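# Working through the structure, step by step
One-letter residues, chain by chain:
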Amino acid sequence: MHHKPVRLWILVFSVLLGLFHRPVLAAEEPFPLYPVIEPNVTFWTTIYARYSTTQAVVHDSVDLDIVYEVIDLEPADHLGARKINRRRMRQAGQRVESILKRLATHPLEGDAGCRRVAALFGPGADARTFSQARHRVRCQIGQRDRFQAGLIRSGAYIDRMRAILTSNGVPGDLAYLPHVESSFNTDAYSKFGAAGMWQFTRSTGKRFMTVDYVLDERRDPIVAARAAARLLKENHDRLGSWPLAITAYNHGAAGMQRAKAAHGDYPDIFTSYKGRAFKFASRNFYAEFLAARRVASDYQRYFGPLALNAPIRSRAVSLDGFAAFADLCRHFEVSPHVLRAMNPALRPPVFSGQKYVPKGYVLNLPALPESEGLSLAGSPSKLFKTAQKPSRFYTVQRGDTAGKIARMHRVKLDDLILANNMDRRATVYVRQTLRIPQAGESVRSEKKPQPLIPRDPVVLVAAGDIADTTPAIPERIPVQQQPVGIVQVEVEETLGHYAEWAGVRASRIRRLNNLPFGQPLLLHQTIKIPLEDVSAEDFEAQRYDFHKRLHEDFFAAYRVGDLQRYRVQPGDSYWTLCRDKFDLPLWLLRHYNAGVNLAALKIHQPLMIPAIESLLENSPEAAAREATPEA
């Protein structure tokens, strides 16, 4: 009798030990596969490993285990394939929507097509089920061939990326994330400006890397991997779990903090969170990562033997001064093609000679045999320059022509035309800012895409005369004992940009303009800019470079296809049109509607909407093309 309480105590202790022990075991798996997302992980596994880019899966955007049909597509390189495939996906979606509409009216419809679709929802489906599903039809293009190409490319980077991640205290398997973001394509560029294998946006990228007109470290896979490690660790420290940290990589840490505050951990967020920006891409991002990890870590099971690219052997030299790219090629006896490929962070203005390779840049060079040295000795005084090449600008006045401007600045007319992407007639516009090419600059070496930089990309007007839109770059002028200029807000510009270009804190500009914290800038709003630390000319040059870089990077990855006419609907704004309806960068809508005040759209007002076509096989958009809007 006396032993029974002891046995009972041991039993209770064992049960309690088991209860405490289970969470510890669960915590050892950093990337749990929650039951609620198993259908999504299975779906993305089939997208990555079964269906190719010549197939599209028509499915429910919420219940991914509901697949209506798989349709065939034309290969992307076939003439007219984009239009044909968009039509096929649209028609497939419409067929399913029509069936769901009939089922919503008559759930027991006896038609064979209706019965087949109804069976996908199980015996408990009713009219409301079908009515809701009708608005969730989506098309996803398969990715098997793209994923395989990404696997092959990943061989050059994956081991080094793993080492970088683990050295920063984050799981090495996060090195599979570029499969989701870019298929390990260094040239990947999204329509909204995310660049490189790790798809950093400009604003996030600048927190960890250099992103400017000369250097964009987001495009360097190794530098960006270090930045990704820091960002992911930051997300994990802030949110407490890797599923949330990974989702925040797509959705943003602040948004995931709000989701966590409202719903708790990942499974409840996945099933219940309805944030305005938490749509299909964010909701599926963690599931896509798990699927990519599953396929990539066991790729022979899905693809058979593959010859992965070998790790890139290189040596690095830090530059003690500014240097011309062509001079570096000659000094190190490396072809421009090879040196350019090994230094993806350098931007086109460096290769054309418009700008120097910046001082302090770590130049990647081919590895040499141990017996050979690698040195900058020999002629460093001739190799290095003391300062970066300045940008030269001119603002078009009344009566100017391209020829007149070229003669004025003693440059060739052809060079001026190419440097500014002018049309065949070399048309210029009053108040247009033109870049004057430098002597010796190879403007012909770069293919210059259309369209032009917006007519009025940078305008500063004298404080105290805000109504005056004289195009000349202003001098510093005293306003309240401070040198101040006035800028009119253009698309894509933020208070952070102005602070960066002026060399001041954003709070300084807020105080100067009496802007409450959190209040966004409005298109065409006039803002005072403090010019104590930078001249108006320098501010203008940085602003011009920002817009020019947006356009150059975009047209290196995309082209504009057909234009469609659209009439403004109730609730439309230039922001919702670009981000929600047509998936366009704001500046592109602005360009094709140059005479329209986008800040004051009117119902039924006509707009021209450009269709965007990817030039890159592995662009992020190519990986997630849809026939219907995102759910």
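Keep in mind that what you see is a predicted model, and the values were worked out from it rather than measured. (Residues numbered from 1 in each chain as written. Predicted model: local features only at pLDDT ≥ 70, side-chain atom pairs only at ≥ 80, totals over all residues. Heavy atoms only, no water.)

## Description of the packing of helix H10 (residues 221-239) against helix H12 (residues 253-263)
Contact geometry of H10 with H12 gives a least axis separation of 10 Å together with a crossing angle of 20 degrees. Taken together, H10 and H12 sit at an angle that is classed as roughly parallel. You can see that H10 and H12 cross each other, and the crossing is right-handed. Every residue of H12 that contacts H10 at Asn235, Arg238 and Leu239 is listed here: Ala253, Ala254, Met256, Gln257 and Lys260. (Axes fitted to C-alpha atoms, helices over the stretch in contact; angles between N-to-C directions. Helix = DSSP H or I, 4+ residues; strand = E, 2+ residues; numbered from the N terminus. Parallel < 35°, antiparallel > 145°, perpendicular 65-115°, else oblique. Left-handed = near helix turned anticlockwise from the far one by under 90°. Contact = heavy atoms within 4.5 Å.)

## Structural notes on unusual backbone geometry
Its identity is not glycine, yet Gln199 carries a phi of approximately 55 degrees, on the positive side. Mapping Gln199 onto the fold places it in the loop between helix H8 (177-181) and helix H9 (202-208). Note on Gln199: relative accessible area 10%, which makes it buried. Positive phi, close to 80 degrees, is recorded for Glu492, a residue that is not glycine. (Buried < 20%, exposed > 50% of the residue type's maximum accessible area, 1.4 Å probe, protein only.)

## Observations concerning the sheet that holds strand E2 (residues 67-72)
One open sheet accounts for three strands, arranged E2-E1-E3; its pairing is antiparallel. In the strand order of this sheet, the two ends are held by E2 and strand E3 (137-141), each with one partner. Strand-to-strand twist in this sheet, taken as the mean axis angle between neighbours without regard to direction, amounts to 25 degrees. Packing of helix H3 (residues 81-105) onto the sheet brings it into contact with strand E1 (55-60), E2 and E3, and relative to E2 it is tilted by some 155 degrees. (Pairing = 2+ DSSP bridges.)

## A short note on the pairing of E3
With five of its five residues buried, E3 lies for the most part within the structure. The side-chain alternation of E3 yields two buried faces, one formed by Val137, Cys139 and Ile141 and the other by Arg138 and Gln140. Note that E1 and E3 share five bridges and pair antiparallel. Bridging from a neighbouring strand, His59 pairs with Arg138 of E3.

## Observations regarding the pattern of salt bridges
Scanning all chains against the criterion turns up 25 salt bridges. A salt bridge links Lys191 to Asp583, with the shortest nitrogen-to-oxygen separation between them at 2.9 Å. Of this pair, Lys191 sits in the loop between H8 and H9 while Asp583 sits in the loop between helix H25 (574-581) and helix H26 (586-592), placing them 392 residues apart in sequence. Here Asp583 falls in the partly exposed class, since its relative accessible area comes to 30%. For Arg202, the salt bridge goes to Glu500, with nearest N and O atoms at 3.0 Å. On the criterion of sequence distance, the pair formed by Arg202 in helix H9 and Glu500 in helix H22 (residues 495-502) is long-range, its members being 298 residues apart. (Salt bridge = Lys/Arg side-chain N within 4 Å of Asp/Glu carboxyl O.)

## Focus on the environment of Ser154
Here Ser154 is to be found in helix H6 (residues 144-154). A residue is classified by how much of its surface remains accessible, and Ser154, at 4% relative accessible area, is buried. When the C-alpha positions of Ser154 and Asn185 are compared, they lie 8.8 Å apart, and in sequence the two are 31 residues distant. Those residues in contact with Ser154 that lie beyond four places of it in its chain are His179 and Phe184.

## Some words on the confidence of the model for the protein
This prediction gives the protein a mean pLDDT of 84; 84% of its residues lie at or above 70. The spread of mean pLDDT over the elements of the protein runs between helix H1 (residues 3-27), the lowest at 38, and helix H2 (residues 38-49), the highest at 98. Below pLDDT 50 for its whole length, residues 1-27 participates in zero contacts with residues either more than four positions away or in separate chains. The low-confidence segment residues 445-479 (pLDDT under 50) makes 95 contacts with residues lying over four places distant or belonging to another chain. (pLDDT = per-residue confidence, 0-100.)

## Focus on the packing of aromatic side chains
Summed over all chains, the structure comprises 25 aromatic pairs. Centroid distance Phe43 to Trp44: 5.2 Å. Interplanar angle 85 degrees. Geometry classified as edge-to-face. A residue is classified by how much of its surface remains accessible, and Phe43, at 5% relative accessible area, is buried. Between Phe555 and Trp587, the ring centres sit 5.9 Å apart and the planes meet at 65 degrees, which makes this aromatic pair edge-to-face. Residue Phe555 is found in helix H24 (residues 536-557), and its partner Trp587 is found in helix H26; the two are separated by 32 residues along the sequence. One aromatic cluster is present, built from ring pairs that chain together Phe43, Trp44, Tyr48, Phe147, Phe280 and Phe303. Cation over ring: Arg138 sits above Phe280, and NZ or CZ is 3.8 Å from the ring centre. The aromatic ring of Phe270 is capped on one face by Arg283, whose charged end is 4.0 Å from the ring centroid. (Phe/Tyr/Trp six-rings, centres within 6.5 Å; stacked < 30°, edge-to-face > 60°. Lys NZ or Arg CZ within 6 Å of the ring centre and 35° of its normal.)

## Structural notes on the nonpolar core
The biggest cluster of nonpolar side chains holds 69 residues, and the ones touching the most others in it are Trp198 and Phe200. The dominant element in this core, judged by the number of residues it contributes, is helix H14 (residues 280-297), at ten residues. Discounting residues that sit within four places of it in the chain, Trp198 has contacts with Met161, Leu165, Leu174, Ala175, Leu177, Pro178, Glu181, Pro221, Ala224, Ala225, Ala228 and Tyr249. Listed in part, the 43 residues of the second largest apolar core include Tyr498, Trp501, Tyr574 and Leu598. (Core = buried A, V, L, I, M, F, W, Y, C linked by side-chain atoms within 4.5 Å.)

## A few points about the side chain of Gln354
The residue Gln354 is located in the loop between helix H18 (348-352) and strand E6 (362-366) in this model. Classification of Gln354 as buried rests on a relative accessible area of 4%. A distance of 3.3 Å separates a polar atom in the side chain of Gln354 from a polar atom in the side chain of Arg435. (Polar contact = N/O pair within 3.5 Å; in protein donor to acceptor, adjacent residues only side chain to side chain.)

## Section: helix H7 (residues 158-167)
Count 3.6 residues to each turn of an α-helix, and residues three or four apart come out pointing the same way. The complete set of buried residues in H7 reads Ile158, Met161, Ile164 and Leu165. Projection of H7 onto a plane perpendicular to its axis shows the buried side chains occupying an angular sector of 120 degrees, all on one side. Facing away from the buried side of H7, by more than 90 degrees, are the exposed residues Asp159 and Ser167. Buried positions along H7 lie against H6 and H10. Phi for Gly169, located one or two positions after H7, is positive at around 80 degrees. (Arc of directions from axis to C-beta.)

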